[in-house]
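Secondary and tertiary structure notes
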Amino acid sequence: MSKAGGGEGGGAGGSSGEKAQQLEDETPEQKVLGKLSTTTVGPGWTKVSCPCCVSERVEPLVLVKLGEKVRPETKRWLIRLIGAPQKDGGAALLAHPGEDASGDIIVVSAPRCTLLRATEELGLCKPYRNGDMEAFSYSDRDNFKDSDNLEVFLTLAERQYIVKYELDGLRAQRDVRIPGLPDSRALQNRDNIWQKLGSARVILDTFPLHNPDQLKDLSEAWYSGNQLAQPLDSVNGYFGSSVAFYFSFLDFYTWSLLPPAILGLCITYFSGEVQKEMSESVSGSRDTNVEDDSGPAVSGHMIQAVFSMLWSTVVMELWKRRSSSASYRWGTLHLAERFAEPRPGFHGDLGVNPVTGRVEPLFPEWQRDLRMALVSVPVVGLFLGMVVLGMLCFYWGEAQVQQLHRDWDSLLSQTFLYMPSVLHICYTNMLATFYKKVAQSLTEYENHREQSAFEKHLTAKVLVFTFFNYFAVLFHIAFFKQDVPLLRKRLASLLIVTQLVNQVTEVVIPFLVDRFISAPHRTEREDDPEEDKFRNQSTLPAFPGLFAEYIELLVQFGYLSLFSCVYPLTAVLLLINNLTEIRSDAYKICKLFRKPFSPPVANMGVWQIAFEVLSFVSVVSNCWLLLLSPRLQQLCQEGGMSSTNILLLAVLVEHVLILVKVILRVVIPDEPDWIRKKREHIEYMSMQALKQQVNPAAF
């Protein structure tokens, strides 16, 4: 949403510097403002101009942490900016200075009209008077259920995100000096005010506040008890739809592992040859006698391969149906497509946007393309080269320990057989962590206007590297070295070591840091002032986001769909890991980090596409892995088939299975029929509402 920040006099009202000084003089710096309360509108909260927004209860939603050296006049200017009407360049929110005018926090809430208008701008759907979900319209607000009770009408996550949405949209209307800051920090016309204040260290952080009572109830229903089902609607209400979609997918994917896990256990138990292969993968010894490859083992691998290919397709198609149902239930099925304000990090020369007609920073597309071609692509290529270097070092180490084991033939040398895999896994994990920071910097340098474009390019960079980093060695072992025992051993190492490393780095270390370092400095009593409790939340580390969590699930999905035919216990190990992952991730987001802002989303976005791509690649991978089976090759040769005919047969089977996957995608609709009808109805009603606004006389 476009806003114009005001001048010194409050960023609101567009008043001059002299008027700002008068207002500052009228507000004594040592005046102690009223006590912050969640039950009454005490003195200290900024006033509202709309009578319908007057309330007996103000709910603190967001905390703004200020720098230690911020002067009182700067804080007062910022409070007036936050509370000023939007037509005067403000955010039309409610602000409270905390315990006094010189404190380092500002508590922000939102009045009714601001929340409702933002609900319409975001395109959220809410229950209509007839019980159906409809795209919210501010002009028709009285016909929506509970629109007069915003704590029921909007979730806590939605209310907090709307506050962030309004603050991020603040832009200066003209060049103006900020009281208490040097002229070098003055705002230029159309500057993003919130970003400029952050770079000037006036604002150190902005984060949503926890509601202790709601958080306690959610924790008890989520991870504290013995329940298996997740309270996803409560997660959506408290943390938002982006977090809820992750946990919904994690829950769905985890229970979807049951069929392949059962199949893997059956194949392992009933196939003596598979048991022998499992033993070899643990011991590191190999049996090169291909004559012992029995029929049941080949049959088991073939069943596992075909099942993995079909399973990956069915799971993703069923997930899309579940995702659409959740999107309807959470009101994000019809998010608005709009020409949004540039994202806060976007910069460029000031000009008129030829599409919207607004004055805003402009950046030529050719410059962005040039930066991607000359900087981003070479840097990504450099990191891919480092992946290849690590792979070569892994092969060298593998050869050394194999020779050592042949020379020593002892228990110690047998232990060394896993050292190259473990060291290479640690190397790839550290490289991936460093690359994520580099990818973030590269995407910032590309200077994308929209937040969606920024996230799309960032995710694309990370996905390319992730696929190459985690799967390049496996593909090379499988299709170039054609060493199935080494592939099996490598996959076992990845499944075990990676899961242990993830659990330690994601849960154990943050828990220990919180328990022994942060918690002693965060002591809290029931009778402590609210401001002190809010400050305690600021001592928690920022939530790192769901990027790493989705990457972990994507890699898991790749191991299972691409290579499980050579290691049938893959699904079993993943199922055990994910049953603990659900609770550990829930504990982590509730207890170990600050509450994150969560924008409304309709699905998993680009991650869903990544999972579907892996599902398609699984057909090629499994077909060619089956060709490596010595028994299958022997059977084909006994049948009088040449190597060329075997290759052609594999290509034929591959295309048949791809055709089956395509048929399954067509047969299983992406959304249930009732959701499709609801979506079309919402679109129709939105068009009617738009026509009524454009030509009210016709209705």
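This structure is a prediction, so every number in the text was calculated from the model and none was measured. (Residues numbered from 1 in each chain as written. Predicted model: local features only at pLDDT ≥ 70, side-chain atom pairs only at ≥ 80, totals over all residues. Heavy atoms only, no water.)

**A closer look at the side chain of Ser-312**
The following threshold applies: Each helix corresponds to a stretch of at least 4 residues labelled H or I by DSSP, and each strand to a stretch of at least 2 residues labelled E; elements are numbered beginning at the N terminus. Think of a polar contact as two N or O atoms within 3.5 Å of one another; within protein, one of them needs to be a possible hydrogen donor and the other a possible acceptor, and neighboring residues in sequence only count if both atoms come from side chains. Any two residues whose heavy atoms approach within 4.5 Å are treated as being in contact.
Tracing the backbone shows Ser-312 in helix 12 (residues 295–329). Looking at Ser-312, its side chain comes within polar contact range of the side chain of Lys-661, at 3.5 Å. Filtering out sequence-adjacent residues up to four positions away, Ser-312 remains in contact with Phe-557, Ser-561, Ser-615, Ser-618 and Lys-661.

**A short note on the sheet that holds strand 2 (residues 94–96)**
The test is simple: Criterion used throughout: strands pair if DSSP finds at least two bridges between them. Axes here mean lines fitted to C-alpha atoms, for a helix over just the part in contact, with angles spanning 0 to 180 degrees between N-to-C directions.
As summarised here, the arrangement of the four strands in space is 2-3-1-6, forming an open sheet in which the pairing is antiparallel. Of all the strands in the sheet, the pair left with one neighbour each is strand 2 and strand 6 (203–208). Averaged over neighbouring strand pairs, the angle between their axes works out to 20° when direction is ignored. Pairing of strand 2 with strand 3 (residues 105–109) involves three bridges; the strand directions are antiparallel. Looking at strand 3, one finds that Ala-95 is bridged to Val-108. Across the sheet, helix 2 (residues 72–83) is in contact with strand 1 (62–66), strand 2, strand 3 and strand 6; its angle to strand 3 comes to roughly 5°. Together, strand 1, strand 3 and strand 6 form the strand contacts of helix 18 (residues 530–538), whose direction differs from that of strand 6 by roughly 100°.

**Some points on the pattern of salt bridges**
Any two side chains of opposite charge can pair, so long as their charged atoms come close to each other. Our working rule: Any carboxyl oxygen of Asp or Glu within 4 Å of a side-chain nitrogen of Lys or Arg constitutes a salt bridge here. Think of it in three bands: residues with accessible area under 20% of the maximum for their type are buried, residues over 50% are exposed, and the middle band is partly exposed, with areas taken using a 1.4 Å probe on protein chains only.
Per the stated rule, a full pass over the model turns up 26 salt bridges. Ionic pairing is found between Arg-676 and Glu-680, a salt bridge with its closest N-O pair at 3.3 Å. Taken together, the residues span about one helical turn, with Arg-676 and Glu-680 both in helix 24 (residues 673–694) at a distance of four residues. In this structure Arg-676 comes out as partly exposed when scored by relative accessible area, which is 30%. Residue classification places Glu-680 among the partly exposed residues on the basis of a relative accessible area of 37%. Residues joined by salt bridges that share partners form a network here, namely Glu-317, Lys-320, Glu-612, Arg-665 and Asp-670.

**Focus: helix 15 (residues 419–446)**
As a reminder, the rule being used: Multiplying one less than the number of residues by 1.5 Å gives the expected span of a helix.
The end-to-end C-alpha separation of helix 15 is 40 Å, in line with the 40 Å expected for 28 residues at 1.5 Å each. Among the residues trailing helix 15, Asn-447 stands out with phi positive, at a value near 65°.

**Remarks on the packing of aromatic side chains**
Our working definition: Two aromatic rings from Phe, Tyr or Trp, using only the six-membered ring of Trp, form a pair when their centres are within 6.5 Å; if the ring planes differ by under 30 degrees the pair is stacked, by over 60 it is edge-to-face, and anything between is tilted. Either the NZ atom of lysine or the CZ atom of arginine qualifies as a charge over a ring when it sits within 6 Å of the ring centre and within 35 degrees of the ring normal.
Applying the stated criterion across every chain yields a total of 31 aromatic pairs. Seen in terms of ring centroids, Phe-383 and Phe-465 are 6.3 Å apart; in terms of plane orientation they differ by 85°. Their pairing is edge-to-face. Of this pair, Phe-383 sits in helix 13 (residues 365–408) while Phe-465 sits in helix 16 (residues 451–481); the two residues are 82 residues apart in sequence, bridging distant segments of the chain. The exposure class assigned to Phe-465 is buried, which follows from its relative accessible area of 2%. Grouped by ring-pair contacts, the aromatic residues Trp-222, Tyr-238, Phe-239, Tyr-246, Phe-247, Phe-547, Tyr-550 and Trp-607 constitute a single cluster. Over the face of the ring belonging to Phe-597 we find Lys-164, whose NZ or CZ atom lies 5.9 Å from the ring centre. A cation sits over an aromatic face here: Arg-594 above Phe-207, 4.9 Å from the ring centre.

**Points about the packing of helix 10 (residues 258–270) against helix 20 (residues 570–592)**
Here is the rule: Each angle gets one of four labels, with under 35 degrees taken as roughly parallel, over 145 as roughly antiparallel, 65 to 115 as roughly perpendicular, and the rest as oblique. Crossing chirality is assigned from the near helix's rotation relative to the far helix, an anticlockwise turn below a right angle marking it left-handed and a clockwise turn marking it right-handed. Each residue receives one of three labels: charged for Asp, Glu, Lys and Arg, nonpolar for Ala, Val, Leu, Ile, Met, Phe, Trp, Tyr, Cys and Pro, and polar for the others, Gly being one of them.
Between helix 10 and helix 20, whose axes approach to 7 Å, the crossing angle comes to 135°. Compared by their axis directions, helix 10 and helix 20 come out oblique. For the pair helix 10 and helix 20, the crossing hand works out as left-handed. Only Ala-571, Val-572 and Leu-575 of helix 20 make contact with helix 10, whose side of the interface consists of Leu-258, Pro-260, Ala-261 and Leu-265. Residues that form the contact of helix 10 with helix 20 fall into these classes: seven nonpolar, no polar and no charged.

**A closer look at the nonpolar core**
For clarity, the cut-off: Here the nonpolar core consists of buried residues drawn from Ala, Val, Leu, Ile, Met, Phe, Trp, Tyr and Cys, with membership extended through side-chain atoms lying within 4.5 Å.
Counting residues in hydrophobic clusters, the biggest one holds 144 residues, and the most contacted among them are Leu-78, Trp-222, Phe-471 and Phe-563. The element that contributes the greatest number of residues to this core is helix 16, accounting for twelve residues. Those residues within four positions of Phe-471 in sequence are excluded, and the remaining contacts are Thr-466, Leu-554, Val-555, Gly-558, Tyr-559, Leu-562, Phe-563 and Leu-614. Membership of the second largest hydrophobic core comes to nine residues, among which are Val-58, Ile-105, Phe-207 and Leu-209.

**Some thoughts on helix 5 (residues 156–168)**
End to end, helix 5 covers 19 Å across 13 residues, agreeing with the expected 18 Å (1.5 Å per residue, within 8%). Extensive coverage of helix 5 is indicated by the burial of eleven of its 13 residues. Looking at helix 5, one finds that the buried residues are Leu-156, Ala-157, Glu-158, Arg-159, Gln-160, Tyr-161, Ile-162, Val-163, Tyr-165, Glu-166 and Leu-167.

**A few points about the confidence of the model for the protein**
How we decide: pLDDT gives the predictor's per-residue confidence on a scale running from 0 to 100.
Within the protein, residue pLDDT values average 81, and 84% of them lie at 70 or more. This stretch, residues 1–42, has a pLDDT under 50; its non-local contacts, to residues over four places away or in other chains, come to 115 contacts. Confidence drops under a pLDDT of 50 for residues 287–298, and excluding neighbours within four residues, the segment shows 22 contacts in the predicted structure.

**With respect to the state of the cysteines**
Formally: Cysteine sulfurs are considered disulfide-paired once they come within 2.5 Å of each other.
A complete count under the given rule lists zero disulfides for this structure. Cysteine Cys-565 is unpaired, with the sulfur of Cys-623 as its nearest cysteine sulfur at 9.6 Å.

**Some remarks on the pairing of strand 3**
Burial analysis of strand 3 places five of its five residues in the buried class, which makes it a mostly covered element. The side-chain alternation of strand 3 yields two buried faces, one formed by Ile-105, Val-107 and Ser-109 and the other by Ile-106 and Val-108. The pairing of strand 1 with strand 3 spans four bridges and is antiparallel. Counted as the bridge partner of Leu-63 is Val-107 from strand 3.

**Notes on the environment of Asn-622**
If you trace the backbone, Asn-622 turns up in helix 21 (residues 606–627). Through-space distance from the C-alpha of Asn-622 to that of Ala-305 is 5.6 Å; in sequence the pair is 317 residues apart. Not counting residues up to four positions away in its chain, the partners in contact with Asn-622 are Ala-305, Met-309, Ser-561, Leu-562 and Cys-565. A distance of 2.7 Å separates a polar atom in the side chain of Asn-622 from the backbone oxygen of Ser-561.

**Section: the side chain of Thr-119**
Considering the arrangement of structural elements, one finds Thr-119 in helix 3 (residues 112–122). What makes Thr-119 buried here is its relative accessible area of 0%. Residues contacting Thr-119, with those up to four places away along its chain left out, are Leu-124, Phe-136, Leu-154 and Ile-162.

**Digging into a nonpolar patch on the surface**
Our working rule: Patch membership requires more than 30% relative accessible area and the absence of a salt bridge. Residues of like charge join within 9 Å; the nonpolar side chains Val, Leu, Ile, Met, Phe, Trp and Tyr join within 5 Å. Only the protein chains shown count as covering a residue, and every accessible area follows the Shrake-Rupley method with a 1.4 Å probe.
A contiguous nonpolar surface patch, about 580 Å² in accessible area, is contributed by Val-504, Val-508, Ile-509, Phe-511, Leu-512, Val-513 and Phe-516. As for its placement among the helices and strands, Val-513 is situated in helix 17 (residues 484–518).

**Overview of the environment of Asp-483**
With respect to the secondary-structure elements, Asp-483 resides in the loop between helix 16 and helix 17. A sequence separation of 145 residues divides Asp-483 from Leu-628, and the C-alpha atoms of the two residues are 8.5 Å apart.

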